[in-house]
Amino acid sequence: MNHGQQSGEAKHEDDPALTEFLGSLMDYTPTIPDDLVEHYLAKSGFQCPDVRLIRLVSVATQKFVADVASDALQHCKARPAPVVKEKKQQKDKRLILTMEDLSKALREYGVNVKHPEYFADSPSTGIDPATREE
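The structure reproduced in this document is the subject of the present report. Quick caveat: nothing in here was measured; it's all calculated off a predicted structure. (Residues numbered from 1 in each chain as written. Predicted model: local features only at pLDDT ≥ 70, side-chain atom pairs only at ≥ 80, totals over all residues. Heavy atoms only, no water.)

Together, Phe64, Val65, Tyr109 and Val111 line one region of the surface with nonpolar side chains, adding up to about 320 Å² of accessible area. One can find Val111 in the segment after helix H5 (99–107). For Val111, a relative accessible area of 34% puts it in the partly exposed group. (Patch = residues over 30% accessible without salt bridge, like charges linked within 9 Å, V, L, I, M, F, W, Y side chains within 5 Å. Areas by Shrake-Rupley, 256 points an atom, 1.4 Å probe, with all protein chains shown as cover. Salt bridge = Lys/Arg side-chain N within 4 Å of Asp/Glu carboxyl O. Helix = DSSP H or I, 4+ residues; strand = E, 2+ residues; numbered from the N terminus. Buried < 20%, exposed > 50% of the residue type's maximum accessible area, 1.4 Å probe, protein only.)

Within this structure, the stated rule accounts for one aromatic pair. Between Phe64 and Tyr109 the ring centres are 5.5 Å apart and the planes differ by 80 degrees, which places this aromatic pair in the edge-to-face class. Placement of Phe64 in helix H3 (residues 51–78) and of Tyr109 in the segment after H5 is noted, with a sequence separation of 45 residues between them. (Phe/Tyr/Trp six-rings, centres within 6.5 Å; stacked < 30°, edge-to-face > 60°.)

Time to look at H5. For H5, every residue scored as buried is listed here: Met99, Asp101, Ser103, Ala105 and Leu106. If you follow the buried residues of H5, they end up packed against H3. (Contact = heavy atoms within 4.5 Å.)

Another aspect to go through is the environment of Glu100. Within the secondary structure, Glu100 sits in helix H5. Along the backbone, Glu100 and Ala72 are 28 residues apart, and their C-alpha atoms lie at a distance of 8.8 Å.

On to the packing of helix H1 (residues 16–27) against H3. One can describe the packing of H1 onto H3 by two numbers: an axis separation of 9 Å at closest approach and a directional angle of 85 degrees. With respect to their mutual orientation, H1 and H3 come out roughly perpendicular. The residues of H3 that touch H1, namely those facing Phe21, Leu22, Leu25, Met26 and Asp27, are Val51, Arg52, Arg55, Leu56 and Val59. Here the residues of the contact of H1 with H3 are counted per class, giving seven nonpolar, no polar and three charged. (Axes fitted to C-alpha atoms, helices over the stretch in contact; angles between N-to-C directions. Parallel < 35°, antiparallel > 145°, perpendicular 65-115°, else oblique. Nonpolar A, V, L, I, M, F, W, Y, C, P; charged D, E, K, R; others polar.)

It is worth spelling out the packing of H3 against H5 at this point. The N-to-C vectors of H3 and H5 enclose an angle of 125 degrees; their axes lie 8 Å apart at closest approach. Relative to H5, the element H3 is oriented oblique. Crossing handedness for the pair H3 and H5: right-handed. Residues Phe64, Val68, Asp71, Ala72, His75 and Cys76 of H3 touch H5, and the partners they reach there are Asp101, Leu102, Lys104, Ala105 and Leu106. Here the residues of the contact of H3 with H5 sort into seven nonpolar, one polar and three charged. (Left-handed = near helix turned anticlockwise from the far one by under 90°.)

The next thing to look at is the pattern of salt bridges. Across all of its chains, the model carries five salt bridges by this definition. Among the ionic pairs, Lys63 bridges to Asp67, the shortest N-O distance being 2.7 Å. Of this pair, Lys63 and Asp67 are both found in helix H3, four residues apart, which corresponds to roughly one turn of the helix. Overall, the relative accessible area of 51% leaves Lys63 in the exposed class. Close ionic contact of Glu100 with Lys104 constitutes a salt bridge, the shortest N to O distance being 3.3 Å. With Glu100 and Lys104 both in helix H5, this residue pair falls four residues apart, about one helical turn. According to the relative accessible area criterion, Glu100 is partly exposed, its value standing at 44%.

And the structure:
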């Protein structure tokens, strides 16, 4: 057998934990579908027939999205709450995640997001560009 090539069924005798983990990926149903992961991997030029690797990428992506969402929530909670005048609105403690919160969280992971001015959390949303003061 050529040691430079490993088949998809190759065993990793040197690390039983790795073997067990890779085996567990076959029984795991990922949140992000295999077809979607395969599509984006193929779009980036990566082809792999091993479902375990596709699912590993799916798990890593799911973890990344969960971490970013958690960090964005922390940024949202750290924002000062708006002053509310009505009693009815004071009882409503829902948080509103903005693009600014998400951008700050992504920046911590090295992803810089630039969004156009027409996003809903822009102060000039709905104003005609010709009459807008800048």
